[in-house]
Amino acid sequence: MSDAPAPSPISDAERDELRRHGILLTSVQEIYNWGRSHSVWPLQFGLACCAIEMIAASMARFDLARFGSEVFRPSPRQADLLIVSGTVTKKMAPQVVRLWNQMPEPKYCIAMGACAISGGPFKQGYNVLKGIDRFIPVDVYIPGCPPRPEALLHGLMQLQEKIRGQAIAGPDAPPHLRDDVRGDCTVPAFGPHDLIPPKDPSLWHPPVIVRPD
Amino acid sequence: MLPPLDELRRLILTTVPAATVTIVENPGPAAQHSLLIGADHALAIARFLRDSSELRFDTCSNVTGIDWPEREVVDVTRTEVPNPAGGPPKVIETKAKRVVPGCLEVVYHLYSVARKHGPVILRLRTANRADQVTLPSLTPVWRACEFQEREVFDLYGVRFSGHPDLRRILMWDEFVGHPMRKDYVEPDDYEWEPTPHDEVLAKAQRHYPAPPQERLPDA
């Protein structure tokens with residue numbers, strides 16, 4: 001994700017010079033993104049052992065509050081960030097997508113841990129979704145089984161960087177500022193063996209690999 | 001003090017004379033033997049174990065299922081035949097194959113908090129694995145069995161009669177099949193794997209034919 005700010009009429013050096021003299025010169029985009037990136041409220045929602053690390057990250061030792069994310073909201077209507085922390089079983093997947101759809105824009109998703117990324121050690125199983133990115137657009141992937149709280153903090157900092165780099169207008173605008181991108185995701189239905197559909201083709205394509213025959 | 005298992009069996013048979021109670025030996029180092037009880041009188045036996053003042057098994061800590069598929073057993077019988085030429089008698093081994101029919105088994109672990117003893121392990125077996133898979137539910141005796149019997153129903157397909165709410169608990173309601181059975185075949189819904197190998201490779205090849213590859217010009 002590019003961190004490039006919008007083209008500005010003055011250079012960074014000139015702006016720093018002004019700041020030294022007590023004059024704060026900024027753009028609407030910069031201050032809007034600065035505010036958003038430092039008040040990312042995650043949804044209070046855990047799925048498996050990764051949730052324990054997420055709780056540890058929010059406690060005093062690691063202190064997620066330093067990044068403005070200490071307010072874990074118990075309702076998706078008040079949350080900005082969905083941390084998919086753990087194994088998403090096929091039975092749970094529709095509920096996770098529903099929670100995502102109930103969150104207001106702008107919203108972000110972190111896939112925390114091997115299970116949320118790809119199914120992890122349960123990838124071969126009949127009952128585990130092989131990655132939440134099959135149904136939800138994921139912004140930051142945090143590998144690990146489970147990831148350390150420091151890794152979650154790093155993932156959050158990456159997300160803040162991504163938010164700060166977002167434009168509020170133009171073709172690079174995030175989905176909630178554009179009309180041509182739909183806001184909600186397909187909620188899968190339960191089938192006799194698998195979810196229907198097993199993946200959202202508009203979001204996820206199988207990686208193309210070349211297999212020698 | 002918990003009586004030994006044969007004493008417990010005798011106590012059960014005095015209270016419920018029509019019941020069939022067999023002691024299943026555990027040959028392993030744990031030597032945790034169990035009681036196989038007939039399904040017809042399971043409820044009466046469970047009530048006795050819970051209500052008897054000296055036993056007082058008030059806690060059912062665990063319910064689980066076992067799938068015993070049909071298996072073939074070879075019985076070897078040795079007969080000694082006198083050797084006509086003298087010397088030691090010949091030993092002739094005759095082997096007879098027999099088929100042990102399969103069944104589904106439900107295992108209950110009982111403890112007594114009041115009397116501080118346990119566990120006593122009860123086993124219930126269905127008649128077969130196909131159509132006669134009904135067993136009496138022990139949920140009326142121990143409420144703790146409710147979710148765990150649902151789990152056994154979900155994963156093994158044992159139907160518990162008298163259960164207040166027999167639904168799937170881990171899999172979704174629309175799911176077909178009982179995944180913990182030994183002969184369960186996983187649904188063939190594997191997606192393209194980034195690093196396919198072994199069975200996954202075979203499945204991936206079935207589902208996703210290889211894309212037409214451009215021939216590299218010979219160097």
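Residues numbered from 1 in each chain as written. Chains lettered and ligands numbered in written order. Predicted model: local features only at pLDDT ≥ 70, side-chain atom pairs only at ≥ 80, totals over all residues. Heavy atoms only, no water.

Novice: I'd like to hear about the overall build of chain B, residue by residue, with values.
Specialist: Broken down by element type, chain B carries 4 helices and 9 strands. When the helices and strands of chain B are listed from N to C terminus, the series reads α-β-β-α-β-β-β-β-β-β-α-β-α. In chain B, which comprises 219 residues, the share counted as buried stands at 37%. Partitioning the contacts of chain B with sequence separation of at least 6, the portion at a separation of at least 24 is 55%. If you sum the accessible surface of chain B, you get close to 13000 Å²; carbon and sulfur atoms cover 54% of it. (Helix = DSSP H or I, 4+ residues; strand = E, 2+ residues; numbered from the N terminus. Buried < 20%, exposed > 50% of the residue type's maximum accessible area, 1.4 Å probe, protein only. Contact = heavy atoms within 4.5 Å. Areas by Shrake-Rupley, 256 points an atom, 1.4 Å probe, with all protein chains shown as cover.)

Novice: Describe the confidence of the model for chain B, naming the residues involved and giving the relevant values.
Specialist: For chain B, the mean per-residue pLDDT works out to 87, and 89% of the residues sit at or above 70. The ipTM assigned to the predicted complex is 0.73, against a pTM of 0.80. (pLDDT = per-residue confidence, 0-100.)

Novice: Explain helix α2 (residues 42-51) of chain B to me, using residue names and the numbers behind them.
Specialist: All names here are of chain B. Within α2, burial applies to A42, I45, A46, F48 and L49. For α2, the angular spread of buried residues about the axis comes to 160°, placing them on one side. Tucked inside the fold, the buried residues of α2 contact α1 (5-15), β1 (21-24), β2 (34-37), β6 (103-112), β7 (117-125) and β8 (134-136). (Arc of directions from axis to C-beta.)

Novice: Can you lay out the nonpolar core for me, pointing to particular residues and giving the numbers?
Specialist: Counting 42 residues, the largest nonpolar core has L49, Y108 and W142 of chain B as its most contacted members. Residue assignment for this core shows that the elements contributing at least two residues are α1, β2, α2, β3 (59-68), β6, β7 and α3 (145-156) of chain B. Each residue touching L49 of chain B, except ones within four places of it in the same chain, is listed here: L8, I12, L55, R56, F57, L110 and L122 of chain B. Counting 22 residues, the second largest nonpolar core, distinct from the first, contains V84, L129, F135 and V138 of chain A. (Core = buried A, V, L, I, M, F, W, Y, C linked by side-chain atoms within 4.5 Å.)

Novice: Please set out the sheet that holds strand β2 (residues 108-112) of chain A residue by residue, giving values where relevant.
Specialist: Residue and element names in this part refer to chain A. Taken in spatial order, the 3 strands line up as β1-β2-β3 in an open sheet, and their pairing is parallel. Single-partner strands in this sheet number two, and they are β1 (81-85) and β3 (140-142). Going across the sheet, the axis of each strand differs from the next one's by a mean of 15°, ignoring polarity. Alignment of β2 against β3, held across 3 bridges, turns out to be parallel. Bridge pairing in β3 places M112 opposite I142. (Pairing = 2+ DSSP bridges. Axes fitted to C-alpha atoms, helices over the stretch in contact; angles between N-to-C directions.)

Novice: Go over the environment of V152 of chain B with me, naming the residues and quoting the values.
Specialist: Relative to the elements of secondary structure, V152 of chain B occurs in helix α3. Remark: the alpha-carbon pair of V152 of chain B and H178 of chain B, spanning 26 residues in sequence, is separated by 9.3 Å.

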